[in-house]
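Okay, here's what each chain looks like letter by letter:
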Amino acid sequence: MLSYEQARQTVIDQLKKRARPPAVVGVSLWEGLGLVLAQEVRTDREYPPFDRSTRDGYAVRAKEVVPGGKLKCVGEIKAGDTVRESLEPGTCVQIMTGAAVPAGADAVVMIEHTQREGDGVRFERAAHPGQSVVLRGSEAVAGQTILTPGMRLGYAELALAAQVGAVTLQCAKRPRVAILSTGDEVVLVDETPGEFQIRNSNSVSLAAQVRIAGGEPVILGNAADRVEDLGEKIERGLKEDALVLSGGVSMGKYDLVESVLKAIGAEFFFDAVAIRPGKPTVFGICRGKPVFGLPGNPVSTMVTFELFVAPAIDLLRGAEARPLTLLEARLAEAIKEKPGLTHFLPARVEWSGSTPEVKPLRWQGSGDIAALAKANCFLVVPADREKIEIGERVSVLMRKDVV
Ligand code: AMP
Ligand code: MG
């Protein structure tokens, strides 16, 4: 059986092998957050476009500034002022942060190190050339590539695009991810379940996870545990860029997902992973589309999505698969688990002291959504560990939606 790292790598390898350039759409800067860039962005001019002062102070010739010495102040330059005249020898000019340093001047002395005396300025210490000045073109030359295809647009990337006037950005379209739950016991969330039925919460959590991962969820509802109904709805799902199913992948008589997919022509790369919860997870390619059969117990569905589906969505958008958000924490309570499988236990990490501390939460197994709603991470218990003592370092997989 594959470890979760091997299974995840298998997903990544298979998607890379089949990678096609993503469909592209022009998006306003204001709408670009979280999208993956599909173009190069270049500077429209040099940055900074003029020699820029980084301080409020006085623009000077550095060699004319001596400790205790005085220079005549001949004017003032504000940010945004047009500056054409050069600084006369033996003088200085008051200058503000962000303003253009005049020709002739080669340094700015911050105001805190000066004293104003009438029309003159007395300096407390010597200055050196280049001090508090960012030279024209030192951040970027004109036409320089500053953002490249595959980059994720966060606030800094968007600000950089804004700086160079790239108001519309060609971005990868969010891949459409079909979500299909299965099970005769499952009713839609706005229906009233019978005594032995349950509401379809998995489609809701999966839709949220697809959004966070950068995809667009396409809700296909629920398929009954019958070959015809499953087959029909899977066919519908295969029209999208990827298909995620929940339930119907265990060993039960009515767990039909794998056999129905097989009949349609799916090629499988794994149908079990050495983890708990989430062991019977299925990954295959069907008609060129990635298909994931996730176990139906809600916490299993959530964990396996994060481990195996999220990286596929990154790759479908032309980005690299992001690494898992693993963090190291100090275990606050001893734990004992059956060895052989990597366990992902609902847990809470707190940052009260100098190192993060993690505590597993009481839970009733992989159906216990309430336990997960109290958790902000999964404590990762390695397959080869049966007992972990208080104070040991452990890995936690952060829930990136709430932390
Ligand atoms: P399965 O993987 O099909 O054996 O499902 C395991 C268990 O997960 C079922 O007994 C249900 O309690 C639960 N379950 C399955 N599908 C859903 C769903 N869509 N929403 C919430 N719980 C589900
Ligand atoms: Mg089922």
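To be clear, the structure that these remarks concern was listed above.
Reference entry: report on the structure contained in this document. (Residues numbered from 1 in each chain as written. Chains lettered and ligands numbered in written order. Predicted model: local features only at pLDDT ≥ 70, side-chain atom pairs only at ≥ 80, totals over all residues. Heavy atoms only, no water.)

1. Remarks on the sheet that holds strand S18 (residues 267-270)
Within a sheet, each strand pairs with its neighbour through backbone hydrogen bonds, oriented either parallel or antiparallel.
1) Next: Within the open sheet, the six strands sit side by side as S16-S13-S17-S21-S20-S18. Their pairing is mixed. Lying at the two open borders of the sheet, with one neighbouring strand each, are strand S16 (216-223) and S18. Strand after strand, the sheet turns through a mean of 20 degrees between neighbouring axes, direction not considered.
2) Next: Pairing of S18 with strand S20 (residues 282-286) involves three bridges; the strand directions are antiparallel. Bridge pairing in S20 places Glu-267 opposite Ile-285. (Pairing = 2+ DSSP bridges. Helix = DSSP H or I, 4+ residues; strand = E, 2+ residues; numbered from the N terminus. Axes fitted to C-alpha atoms, helices over the stretch in contact; angles between N-to-C directions.)

2. Things to note about empty space enclosed by the protein
Empty space among the atoms can be located by rolling a probe the size of a water molecule over them.
1) Next: Evaluation of the coordinates by the stated rule reveals one cavity of 30 Å³ or more.
2) Next: In terms of residue count, helix H6 (residues 298-316) provides more of the lining of the largest cavity than any other element does, four residues in total.
3) Next: Here the lining of the largest cavity is composed, by residue class, of four nonpolar, no polar and five charged. (1 Å grid on protein atoms, 1.4 Å probe; cavity = no way out; pocket = protein on both sides within 12 Å on 5 of 7 lines; lining within 4 Å. Points joined across faces, edges and corners; volume = space filled by probe spheres on them. Nonpolar A, V, L, I, M, F, W, Y, C, P; charged D, E, K, R; others polar.)

3. Brief notes about the pattern of salt bridges
1) Next: Scanning the entire structure with this criterion turns up 24 salt bridges.
2) Next: Close ionic contact of Arg-136 with Glu-46 constitutes a salt bridge, the shortest N to O distance being 2.5 Å. Highlighted residues: Arg-136 in the loop between strand S10 (133-134) and strand S11 (145-147) and Glu-46 in the loop between strand S2 (41-42) and strand S3 (52-53), separated in sequence by 90 residues.
3) Next: Between Glu-228 and Arg-226 there is a salt bridge, with the nearest N and O atoms lying 3.6 Å from each other.
4) Next: The structure contains a network of salt bridges with shared partners spanning Arg-176, Glu-216, Arg-236 and Glu-240. (Salt bridge = Lys/Arg side-chain N within 4 Å of Asp/Glu carboxyl O.)

4. Re the nonpolar core
1) Next: Grouped together as the largest cluster of nonpolar side chains are 39 residues, with contacts concentrated most on Tyr-4, Val-11, Phe-292, Phe-305, Leu-307, Phe-308 and Phe-344.
2) Next: At the level of secondary structure, the elements contributing two or more residues to this core comprise helix H1 (4-17), strand S13 (176-182), helix H3 (201-213), strand S17 (242-246), S20, strand S21 (289-294), H6 and strand S26 (377-381).
3) Next: Considering each element in turn, this core owes the most residues, 11 residues, to H6.
4) Next: Taken together, domain 1 (4-21 + 173-316) and domain 4 (326-398) each give at least three residues to this core, which thus spans both.
5) Next: Counting residues in hydrophobic clusters, the runner-up holds 20 residues, among them Ala-178, Ala-223, Leu-245 and Leu-261. (Core = buried A, V, L, I, M, F, W, Y, C linked by side-chain atoms within 4.5 Å. Buried < 20%, exposed > 50% of the residue type's maximum accessible area, 1.4 Å probe, protein only. Domains from an automatic or database assignment.)

5. Considerations on the site of ligand 1
1) Next: In the region of ligand 1, 17 residues are neighbours, and Asn-200, Asn-202, Gly-248, Gly-296 and Asn-297 sit closest.
2) Next: Within the contact set of ligand 1, a nitrogen atom lies 2.9 Å away from a side-chain nitrogen or oxygen of Asn-200.
3) Next: Here Gly-296 contributes a backbone N or O atom positioned 2.8 Å from an oxygen atom of ligand 1.
4) Next: For ligand 1, whose free accessible area comes to 490 Å², the fraction covered by protein is 78%.
5) Next: Those elements that provide at least two residues to the shell around ligand 1 are S13, strand S15 (198-199) and H3.
6) Next: Tallied by class, residues from the shell around ligand 1 come to four nonpolar, 10 polar and three charged. (Near = heavy atom within 4 Å. Polar contact = N/O pair within 3.5 Å; in protein donor to acceptor, adjacent residues only side chain to side chain. Areas by Shrake-Rupley, 256 points an atom, 1.4 Å probe, with all protein chains shown as cover.)

6. A short note on the packing of helix H4 (residues 227-237) against helix H5 (residues 257-264)
1) Next: Relative to each other, H4 and H5 sit at 60 degrees, their axes nearing to 10 Å. One finds that H4 runs oblique with respect to H5. Considering how the two elements wind past one another, H4 and H5 form a crossing that is right-handed. Mapping the contact onto sequence places Val-227, Leu-230, Gly-231, Ile-234 and Glu-235 in H4 and Val-257, Val-260, Leu-261 and Ile-264 in H5.
2) Next: Of the residues contributing to the contact of H4 with H5, the split by class is seven nonpolar, one polar and one charged. (Parallel < 35°, antiparallel > 145°, perpendicular 65-115°, else oblique. Left-handed = near helix turned anticlockwise from the far one by under 90°. Contact = heavy atoms within 4.5 Å.)

7. With respect to unusual backbone geometry
Trans is the common state for peptide bonds, and a negative phi is the common state for residues other than glycine.
1) Next: A cis amide bond links Tyr-47 to the next residue, Pro-48, at an omega of -10 degrees.
2) Next: Topologically, Pro-48 is positioned in the loop between S2 and S3.
3) Next: Of note, the amide linkage connecting Arg-276 to Pro-277 takes the cis form, showing an omega dihedral of -5 degrees.
4) Next: Locating Pro-277 in the fold gives a position in the loop between strand S19 (275-276) and S20.
5) Next: Here the phi dihedral of Ser-132 falls at roughly 60 degrees; this positive angle occurs in a residue that is not glycine.
6) Next: We classify Ser-132 as buried; its relative accessible area is 19%.
7) Next: The residue Arg-287 is not glycine, and still its phi comes out positive at about 50 degrees.
8) Next: By secondary structure assignment, the location of Arg-287 is in the loop between S20 and S21.

8. A closer look at the side chain of Thr-43
1) Next: Mapping Thr-43 onto the fold places it in the loop between S2 and S3.
2) Next: Looking at Thr-43, its side chain comes within polar contact range of the main-chain nitrogen of Gly-143, at 2.9 Å.
3) Next: Not counting residues within four places of it along the chain, the set of residues in contact with Thr-43 comprises Ala-140, Val-141, Ala-142, Gly-143, Gln-144, Ile-146 and Val-164.

9. Comments concerning the packing of aromatic side chains
1) Next: The final tally for this structure, using the stated rule, is five aromatic pairs.
2) Next: The interplanar angle of 40 degrees and the centroid separation of 5.7 Å between the aromatic rings of Phe-270 and Phe-283 together place this pair among those described as tilted. Residue Phe-270 is found in strand S18, and its partner Phe-283 is found in strand S20; the two are separated by 13 residues along the sequence. For the pair shown, Phe-270 and Phe-283 are each scored as buried.
3) Next: Seen from their ring centres, Phe-283 and Phe-292 are 5.1 Å apart, and the 25 degrees between their planes marks the pair as stacked. Note on accessibility: Phe-283 and Phe-292 belong to one class, buried.
4) Next: An aromatic cluster of three or more residues is present, and its members are Phe-269, Phe-270, Phe-283, Phe-292 and Phe-308. (Phe/Tyr/Trp six-rings, centres within 6.5 Å; stacked < 30°, edge-to-face > 60°.)

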